[in-house]
Amino acid sequence: MKYLIAVLLILLASYADIFLFRIGIIPLQPSYFVIPLFLSVCLIKYPLLDYLDILKSHSFKFFLSILIFSIVYAAITEVSTATITTNVTLDIITLLIYVFAVHFFRTEKKALVFAVIFFAFVTLAGSVVYDFIIGLPKYSVKLSEAVRKGGFGENPNQAASGIKFLALATLVFLHRFKTKRMFLIAAMVIAVFLTFSRSGIVSVILILVFGIANNWNTNFTISVPILFKSFFKMALLFSTLYLGLVLLAGVIKDNFPAFTRGAAGDRIDLIIGKSEKGAISEDVGSGGGRGDLMFEYFRKFKAQPFGYGTGYTSEKRFNALNTHNYYLFLAVNYGILALIIYLIYLGFGIKIAIKSDQFYYLIFLSLLIFEGLISHSIYQERALLISLAFFDSLIYKRQQENLE
């Protein structure tokens, strides 16, 4: 039973279940098959009483509060019933997957947990590389016309997000093994780069900055001498990383002509220093960039700081695009109180990371804070959610062991 749960977690975290559904191998979409199967098997495998202490976790309390907001604010929203149902259902699924994934990670043996995280990373990263070099089956017009590749993640930004979070979780197991760690980092950098996701590349840099500064230890070892020593390591690493990206960009441009067009071509030119556009030209001034959306939704938030109601930012009748920003997603839909609760949640997470001496948890939270600036659906992205469950399991497993 535990191995079935492990396989289902790999499918969910790598988005492979969606791909298998798209090409017809899995007959039903994930919400009707893989996700219910995962939840059912977990209920059969583990007694209900085993989950009780997870209900006290800070992440569960946050997810529960958002679910309550979505239900309460459904009474004042002007969106369609279908939009309300979708939002509430997604919040419930997020809550349940989190609880069951945390319990699996904290209960099963280290080798099995590592296998789940590692193979999820390999599957998602490998799908991006395969998609770039050979090409996955095209099952929609949008994907067939896309130049940037997202592998099983479909959306390149979502794929890059999943790769970096799963890679960080894998590093928890490989941080002591220098060669294996370097191979993993190289695989992460290459896979994220191939998505041409700017936010993904920034996140990879953040992982490298934090990791080198702490000498890749899982516990806090940062001190002034270590920081001074790490500065030179970081300078050398980033010089090498930038050179590698420039060379890789040049190779791609010379051997894959399709990637010289559109946004992909612009991003390659930006990396190799030949772009006439600024780094934020796609975000501000285009009308539909993240910067434009941020200003637009911030104005709406100021006009109604107590929220417009469940699903407002998702409703096409009111907004052409969603917020692409989780902070504004909460603020516009549910009001300032939901935003404050989320900020408290992040702050409490940082406090727990320091108190529990879990440095990689701090890196994860730093990525999470950044991710909230670029995506409105971060906790509905399975790779991030399952990575959160893994990192929380390190905290709550330790607390459980201390109680015993």
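Residues numbered from 1 in each chain as written. Predicted model: local features only at pLDDT ≥ 70, side-chain atom pairs only at ≥ 80, totals over all residues. Heavy atoms only, no water.

- If you check an unreviewed UniProt entry, the chain appears there as O-antigen ligase family protein from Winogradskyella rapida.

Some remarks on the overall build of the chain
- Secondary structure assignment for the chain yields 17 helices and zero strands.
- Expressed as a percentage of its 404 residues, the buried residues of the chain come to 52%.
- When contacts within the chain are restricted to residue pairs at least 6 apart in sequence, long-range pairs at least 24 apart make up 72% of them.
- Of the roughly 18700 Å² that the chain leaves accessible, carbon and sulfur atoms contribute 67%. (Helix = DSSP H or I, 4+ residues; strand = E, 2+ residues; numbered from the N terminus. Buried < 20%, exposed > 50% of the residue type's maximum accessible area, 1.4 Å probe, protein only. Contact = heavy atoms within 4.5 Å. Areas by Shrake-Rupley, 256 points an atom, 1.4 Å probe, with all protein chains shown as cover.)

Overview of the packing of aromatic side chains
- Counted according to the given criterion, the structure contains 36 aromatic pairs.
- Ring geometry for Tyr 73 versus Tyr 334: centroids 5.8 Å apart, planes at 75°, classification edge-to-face. Of this pair, Tyr 73 sits in the loop between helix 4 (58–72) and helix 5 (81–107) while Tyr 334 sits in helix 14 (residues 326–334); the two residues are 261 residues apart in sequence, bridging distant segments of the chain. In this structure, Tyr 73 and Tyr 334 share a single accessibility class: buried.
- Cluster of aromatic residues (ring-pair linked, three or more members): Phe 62, Phe 63, Phe 69, Tyr 73, Tyr 98, Tyr 326, Tyr 327, Phe 329, Tyr 334, Tyr 342, Tyr 345 and Tyr 379.
- Above the ring of Phe 177, the side-chain terminus of Lys 180 is found at 5.0 Å from the ring centroid. (Phe/Tyr/Trp six-rings, centres within 6.5 Å; stacked < 30°, edge-to-face > 60°. Lys NZ or Arg CZ within 6 Å of the ring centre and 35° of its normal.)

Quick look at helix 6 (residues 110–133)
- With 24 residues, helix 6 ought to run about 34 Å at 1.5 Å a step, and its terminal C-alpha atoms sit 34 Å apart, in line with that.
- Taken together, the buried positions of helix 6 are Leu 112, Val 113, Val 116, Ile 117, Ala 120, Phe 121, Leu 124, Ala 125, Ser 127, Val 128, Asp 131 and Phe 132. (Expected span 1.5 Å × (residues − 1).)

Focus: the packing of helix 8 (residues 156–174) against helix 10 (residues 198–213)
- Closest axis-to-axis distance for the helix 8/helix 10 pair is 9 Å, and the angle between their directions is 15°. Judged on the interaxial angle alone, helix 10 and helix 8 are roughly parallel. The two elements helix 8 and helix 10 cross, and the hand of that crossing is right-handed. Residues Asn 157, Ala 160, Lys 164, Leu 168 and Leu 171 of helix 8 form the contact with helix 10, whose participating residues are Ser 199, Gly 200, Ser 203 and Ile 207.
- Looking at the contact of helix 8 with helix 10, its residues break down into four nonpolar, four polar and one charged. (Axes fitted to C-alpha atoms, helices over the stretch in contact; angles between N-to-C directions. Parallel < 35°, antiparallel > 145°, perpendicular 65-115°, else oblique. Left-handed = near helix turned anticlockwise from the far one by under 90°. Nonpolar A, V, L, I, M, F, W, Y, C, P; charged D, E, K, R; others polar.)

So, the nonpolar core
- Membership of the largest hydrophobic core comes to 126 residues, with the highest contact counts inside it found for Phe 38, Tyr 98, Phe 105, Tyr 342 and Tyr 379.
- Beyond its immediate chain neighbours, meaning those up to four positions away, Phe 105 contacts Leu 9, Val 113, Val 116, Ile 117, Ile 386, Ala 389, Phe 390 and Ser 393. (Core = buried A, V, L, I, M, F, W, Y, C linked by side-chain atoms within 4.5 Å.)

Side note on helix 4
- Taking 1.5 Å of rise per residue, the 15 residues of helix 4 would be expected to cover 21 Å, and the 21 Å separating its terminal C-alpha atoms lies within 8% of that figure.
- Taken together, the buried positions of helix 4 are His 58, Ser 59, Phe 60, Phe 62, Phe 63, Ser 65, Ile 66, Leu 67, Phe 69 and Ser 70.

So, the pattern of salt bridges
- Tallied over the entire structure, the rule returns six salt bridges.
- Across the pair Glu 154 and Arg 22 runs a salt bridge, and its minimum N-O distance is 2.8 Å. Taken as a pair, Glu 154 in the loop between helix 7 (141–145) and helix 8 and Arg 22 in helix 2 (residues 16–22) lie far apart in primary sequence, 132 residues in all.
- For Arg 22, a relative accessible area of 39% corresponds to the partly exposed category.
- We note a salt bridge from Arg 317 to Glu 315, for which the minimum N-O separation is 3.3 Å. (Salt bridge = Lys/Arg side-chain N within 4 Å of Asp/Glu carboxyl O.)

Things to note about the environment of Ser 314
- Mapped onto the fold, Ser 314 is located in the loop between helix 13 (290–303) and helix 14.
- We classify Ser 314 as partly exposed; its relative accessible area is 30%.
- Aside from chain neighbours lying at most four places away, what touches Ser 314 is Thr 83, Asn 87 and Asn 322.
- Separated by 3.2 Å, the side chains of Ser 314 and Asn 322 make a polar contact. (Polar contact = N/O pair within 3.5 Å; in protein donor to acceptor, adjacent residues only side chain to side chain.)

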